[in-house]
Amino acid sequence: MTDMTEKRGGESETAAVRRSPLAKHSGGDAGSRGRTTIADGVVEKIAGLAARDVDGVHAMGSGVSRTFGAVRDRVPGSTKSVSRGVKAEVGEVQAALDLEIVVEYGVSIADVARDVRENVITAVERMTGLEVVEVNIAVSDVKLPDEEEEEPERRIQ
């Protein structure tokens, strides 16, 4: 093993590394040396998982999309759509989201909507670095206690 300051050809290795164009940086932090793009679907998945994690949310999406989703989920090899009921528009630094939810009967819809909005904003901003400018929530149904379960959606633990 050689000492990094060992002389080679009249100069030390550390001096040669410092002068090397590969070791020299043009300035700025690593985050400014390229561009990161985040697909709408990535933000939709994050938001869908965050929304389902809120107590009082029974399901995501309209009745029609949940029915088609339940059929699709039964197809071998398919994966459950965590982005069902979520639509995102992602720009370079901002994102806007529309969510469609079904709430449990007896919960405060205003409280559930507020909690979903807070959870979604926190998750998306933390994971993506995007600024969430709006989260619009449409409550499309209320799950009544005596209604038969279509396909219960599990909250991610």
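Predicted, not measured: the structure shown is a model, and the values here were computed from it. (Residues numbered from 1 in each chain as written. Predicted model: local features only at pLDDT ≥ 70, side-chain atom pairs only at ≥ 80, totals over all residues. Heavy atoms only, no water.)

**Thoughts on the overall build of the protein chain**
Counting its regular elements, the protein chain contains 4 helices and 6 strands. Shown N-terminal to C-terminal, the secondary structure of the protein chain runs as helices and strands in the order β-β-α-α-β-α-β-β-α-β. Taken over 157 residues, the protein chain has a buried fraction of 29%. Accessible area of the protein chain: about 10,500 Å², with a carbon and sulfur share of 52%. (Helix = DSSP H or I, 4+ residues; strand = E, 2+ residues; numbered from the N terminus. Buried < 20%, exposed > 50% of the residue type's maximum accessible area, 1.4 Å probe, protein only. Areas by Shrake-Rupley, 256 points an atom, 1.4 Å probe, with all protein chains shown as cover.)

**Brief notes about the confidence of the model for the protein chain**
Taken as a whole, the protein chain shows an average pLDDT of 80; of its residues, 64% reach a score of 70 or greater. Residue range residues 2–8 is modelled with pLDDT below 50. Its contacts to residues more than four positions away, or to other chains, number 12 contacts. Throughout residues 14–20 the model reports pLDDT below 50, and contacts reaching past four residues in sequence, or to other chains, amount to 5 contacts. (pLDDT = per-residue confidence, 0-100. Contact = heavy atoms within 4.5 Å.)

**Observations regarding the packing of helix H2 (residues 40–52) against helix H4 (residues 109–128)**
The relative placement of two packed helices is expressed as an angle between their axes plus a distance between the axes. With their axes 8 Å apart at the nearest point, H2 and H4 run at an angle of 140 degrees to one another. The orientation of H2 with respect to H4, classified from their angle, is oblique. Here H2 and H4 pass one another in a crossing that is right-handed. Judged by residue contacts, Val-43, Ile-46, Ala-47, Ala-50 and Ala-51 of H2 engage Val-116, Asn-119, Val-120, Ala-123, Val-124, Met-127 and Thr-128 from H4. A class-by-class count of the residues in the contact of H2 with H4 yields 10 nonpolar, 2 polar and no charged. (Axes fitted to C-alpha atoms, helices over the stretch in contact; angles between N-to-C directions. Parallel < 35°, antiparallel > 145°, perpendicular 65-115°, else oblique. Left-handed = near helix turned anticlockwise from the far one by under 90°. Nonpolar A, V, L, I, M, F, W, Y, C, P; charged D, E, K, R; others polar.)

**Observations concerning the nonpolar core**
Met-60, Leu-97, Leu-99, Val-116, Val-120, Val-124 and Val-135 are the most contacted members of the largest nonpolar core, which has 25 residues in total. Counting residues per element, the ones that place at least two in this core are H2, strand S3 (57–60), strand S4 (86–90), strand S5 (94–104), H4 and strand S6 (131–143). With 6 residues, H4 is the single largest residue contributor to this core. (Core = buried A, V, L, I, M, F, W, Y, C linked by side-chain atoms within 4.5 Å.)

**Some points on H4**
Over its 20 residues, H4 extends 28 Å from the first C-alpha to the last, a length consistent with the 28 Å expected when each residue adds 1.5 Å. Of all the residues in H4, the buried ones are Val-112, Ala-113, Val-116, Val-120, Ala-123, Val-124 and Thr-128. Projected down its long axis, H4 carries its buried residues within an arc of 110 degrees, all on one side. For H4, exposure combined with an orientation more than 90 degrees from the buried face picks out Ala-110 and Arg-126. A positive backbone phi angle near 80 degrees is found at Gly-129, which sits one or two residues after H4. (Expected span 1.5 Å × (residues − 1). Arc of directions from axis to C-beta.)

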